[in-house]
Amino acid sequence: MQRNPALKLIKLADGAADNWEFLSSEALPEGLEALDFFHASEHLHDAISSVYGHGTREGTYRYEELREKLRLEAQGMEKVIRALKH
């Protein structure tokens, strides 16, 4: 970053709080922060299971539907968050 300040920093981690404390600290320059897809998918599965029950047909359907939105659609993250709030 010092040798090429034009580089853009993307901070990617799982959901562990201590990772995000470090990535958000003043020890690193400003940059986009993102949760990796695998961990986002795990958290999505947990959220859906808490509503519909683990392993239910409806839960599996909703999880797969929202997982595909998250993975493939533009603005997928916002759509999934909106669906979870609903």
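Provided above is the structure to which this section pertains.
Residues numbered from 1 in each chain as written. Predicted model: local features only at pLDDT ≥ 70, side-chain atom pairs only at ≥ 80, totals over all residues. Heavy atoms only, no water.

Q: Can you explain the nonpolar core? Please cite residues and give values.
A: Formed by Leu 44, Ile 48, Tyr 63, Leu 66 and Val 80, the largest nonpolar core amounts to 5 residues. Those elements giving two or more residues to this core turn out to be α2 (37-52) and α3 (57-72). What Tyr 63 contacts, discounting residues up to four positions off in sequence, is Ser 41, Leu 44, His 45 and Ile 48. (Core = buried A, V, L, I, M, F, W, Y, C linked by side-chain atoms within 4.5 Å. Buried < 20%, exposed > 50% of the residue type's maximum accessible area, 1.4 Å probe, protein only. Helix = DSSP H or I, 4+ residues; strand = E, 2+ residues; numbered from the N terminus. Contact = heavy atoms within 4.5 Å.)

Q: How would you summarise the environment of Ser 25 if you had to cite specific residues and measurements?
A: Relative to the assigned elements, Ser 25 resides in the loop between α1 (17-24) and β2 (32-35). Among the residues examined, Ser 25 registers a relative accessible area of 25% and is labelled partly exposed. The sequence separation of Ser 25 and Leu 70 amounts to 45 residues, and the corresponding C-alpha distance is 27 Å.

Q: Please give an account of the side chain of Ser 41 that cites residues and values.
A: By the secondary structure assignment, Ser 41 is in helix α2. A distance of 2.6 Å separates polar atoms of two side chains, one belonging to Ser 41 and the other to Tyr 63. With residues up to four places along the chain from it excluded, the contact list for Ser 41 reads Tyr 63, Arg 67 and Leu 70. (Polar contact = N/O pair within 3.5 Å; in protein donor to acceptor, adjacent residues only side chain to side chain.)

Q: Now, about the pairing of β2: what can you tell me, with residues and values included?
A: For strand β1 (residues 10-13) and β2, the ladder comprises 4 bridges, and the chain directions are parallel. The partner of Leu 12 across the bridge, within β2, is Ala 34. For the segment spanning β1, α1 and β2, crossover handedness is right-handed. (Pairing = 2+ DSSP bridges. Right-handed = clockwise from strand over helix to strand, strands pointing away.)

Q: Run through the layout of surface pockets, naming residues and quoting values.
A: Of the pockets and cavities examined, the largest pocket occupies roughly 350 Å³. Elements with a minimum of two residues in the lining of the largest pocket: β2, α2 and α4 (76-85). Residues of the lining of the largest pocket, tallied by class, amount to 11 nonpolar, 1 polar and 2 charged. (1 Å grid on protein atoms, 1.4 Å probe; cavity = no way out; pocket = protein on both sides within 12 Å on 5 of 7 lines; lining within 4 Å. Points joined across faces, edges and corners; volume = space filled by probe spheres on them. Nonpolar A, V, L, I, M, F, W, Y, C, P; charged D, E, K, R; others polar.)

Q: Mind laying out the packing of α3 against α4, listing which residues take part and the relevant values?
A: Relative orientation of the contacting elements α3 and α4 amounts to 150°, with a least axis distance of 7 Å. The orientation of α3 with respect to α4, classified from their angle, is roughly antiparallel. Where α3 abuts α4, its residues Arg 62, Leu 66, Lys 69 and Leu 70 lie against Gly 76, Met 77, Lys 79, Val 80 and Ala 83. Class assignment of the residues belonging to the contact of α3 with α4 gives a composition of 5 nonpolar, 1 polar and 3 charged. (Axes fitted to C-alpha atoms, helices over the stretch in contact; angles between N-to-C directions. Parallel < 35°, antiparallel > 145°, perpendicular 65-115°, else oblique.)

All quantities given are derived from atomic positions and should not be read as evidence of function.
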